[in-house]
Amino acid sequence: MALEAWFMDDSNEDQRLPHHRNPKELVSLDYLAELGVLYWKLNPENYENDPELGKIREERGYDYMDLLDLCPEKVSNYEEKLKNFFTEHIHKDEEIRYCLAGSGYFDVRDKDDRWIRIWMQPGDLIILPAGIYHRFTLDTSNYIKLMRLFVGEPVWTPYNRPQEEHPVRQKYINSLTHKFGETIKAH
């Protein structure tokens, strides 16, 4: 099964709900790729010895890895941490996440500042480009096990929106302008 992604509604209901528009507006992997979001479907049961994961890590220079279990039983101040993850932000580096178990949502902004919800399930590996506005939440299962990959020692400082003048954000906007052939508003 391929990655599922869609444009979100504007509802303020529980962030852990799917937030489909009516009618549903699905987003293709090609459109995500145009935004710089990369995707692989891997075998989460073989992550320790997966040659495809090894190839991705080698090609992209991901030499550091850790595992993160997110659920109320394993994370102190769970609701507060979930709220922090759901605050819109950018990073100076790529964000690489591989879902090994459970499920959750990564939301990214498109070139028109619309939210796209990406449903991560076991085997989904995504890379969010540096400078893209995004956020994360669990779905109603309230559990996900993620592998986080980094180049070098992890430095994962979120820069909360607005960050329109941040050099990484400017570089990302310029890459979209080049891809889409139009001026992208910095919003």
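Cut-offs used in this document
- Residues numbered from 1 in each chain as written.
- Predicted model: local features only at pLDDT ≥ 70, side-chain atom pairs only at ≥ 80, totals over all residues.
- Heavy atoms only, no water.
- Buried < 20%, exposed > 50% of the residue type's maximum accessible area, 1.4 Å probe, protein only.
- Helix = DSSP H or I, 4+ residues; strand = E, 2+ residues; numbered from the N terminus.
- Pairing = 2+ DSSP bridges.
- Axes fitted to C-alpha atoms, helices over the stretch in contact; angles between N-to-C directions.
- Contact = heavy atoms within 4.5 Å.
- Disulfide = S-S within 2.5 Å.
- Phe/Tyr/Trp six-rings, centres within 6.5 Å; stacked < 30°, edge-to-face > 60°.
- Polar contact = N/O pair within 3.5 Å; in protein donor to acceptor, adjacent residues only side chain to side chain.
- Salt bridge = Lys/Arg side-chain N within 4 Å of Asp/Glu carboxyl O.

Visitor: Is there a simple way to explain the pairing of strand β5 (residues 95-102) in this structure?
Guide: A regular strand places its side chains on the two faces of the sheet in alternate fashion. Counting buried residues in β5 gives six out of eight residues, a clear majority hidden from the surface. In the sheet, β5 pairs with strand β8 (residues 124-128) via four bridges, with the strands oriented antiparallel. Within the sheet, the bridge partner assigned to Tyr98 lies in β8 and is Leu125. Direction of pairing for β5 relative to strand β10 (residues 144-150): antiparallel, over a ladder of six bridges. Each residue of the ladder has a partner; that of Gly102, found in β10, is Ile144.

Visitor: Hey, could you run me through the sheet that holds β5 in this one?
Guide: Paired through backbone hydrogen bonds, the strands of a sheet run either parallel or antiparallel to each other. Read from one edge to the other, the open sheet built from five strands follows the order β2-β8-β5-β10-β3, with strand pairing classed as antiparallel. For this open sheet the edge positions go to β2 (38-41) and β3 (64-70), each flanked by a neighbour on one side alone. Ignoring strand direction, the axes of neighbouring strands in this sheet form an average angle of 20 degrees. Each of β2, β3, β5, β8 and β10 touches helix α2 (residues 51-60); the most contacted strand, β2, lies at about 155 degrees to it.

Visitor: Would you explain the state of the cysteines in this entry?
Guide: A complete count under the given rule lists zero disulfides for this structure. Not part of a disulfide, Cys71 finds its nearest cysteine sulfur in Cys99, a span of 13 Å.

Visitor: Looking at this structure, I do not really get the packing of aromatic side chains. What am I missing?
Guide: The way to describe two aromatic rings as a pair is by their centre distance and the angle between their planes. With the rule as written, the count across this model stands at seven aromatic pairs. Arranged with centres 6.0 Å apart and planes meeting at 80 degrees, the rings of Trp6 and Tyr105 form a pair that is edge-to-face. Placement of Trp6 in strand β1 (residues 4-7) and of Tyr105 in strand β6 (residues 104-109) is noted, with a sequence separation of 99 residues between them. On the basis of relative accessible area, Trp6 is assigned to the buried category, the value being 2%. Judged by its relative accessible area of 3%, Tyr105 is buried. Centroid distance Phe7 to Tyr31: 6.3 Å. Interplanar angle 55 degrees. Geometry classified as tilted. Remark: Tyr31 occurs in helix α1 (residues 29-34) and Phe7 occurs in strand β1; sequence separation between them is 24 residues. The exposure class of Phe7 is buried, given its relative accessible area of 9%.

Visitor: How do you make sense of the environment of Arg135 when you look at a structure like this?
Guide: Assignment of secondary structure puts Arg135 in strand β9 (residues 134-138). The sequence separation of Arg135 and Phe86 amounts to 49 residues, and the corresponding C-alpha distance is 4.8 Å. Every residue in contact with Arg135, bar those within four places of it in the chain, is listed here: Met8, Phe85, Phe86, Thr87, Glu88, His89, Tyr105, Phe106, Asp107 and Trp115. For Arg135, the side chain forms a polar contact with the side chain of Asp107, separated by 2.8 Å.

Visitor: Explain the pattern of salt bridges to me, please; I cannot follow it from the model alone.
Guide: Pairing is possible between side chains that carry opposite charge, provided their charged atoms lie close to one another. Evaluated as defined, the whole model comprises 20 salt bridges. For Arg135, the salt bridge is made with Asp107, and the minimal N-O distance between the two is 2.8 Å. Here Asp107 lies in strand β6 and Arg135 lies in strand β9, a separation of 28 residues in the sequence. Take Arg135: its relative accessible area is 11%, and that puts it in the buried class. The class for Asp107 is buried, based on a relative accessible area of 0%. With a closest N to O distance of 2.6 Å, Arg114 and Asp110 form a salt bridge. Assessed through its relative accessible area of 27%, Arg114 is described here as partly exposed. A single salt-bridge network, built from bridges that share partners, covers Glu88, Arg109, Asp113, Arg161, Glu164 and Arg169.

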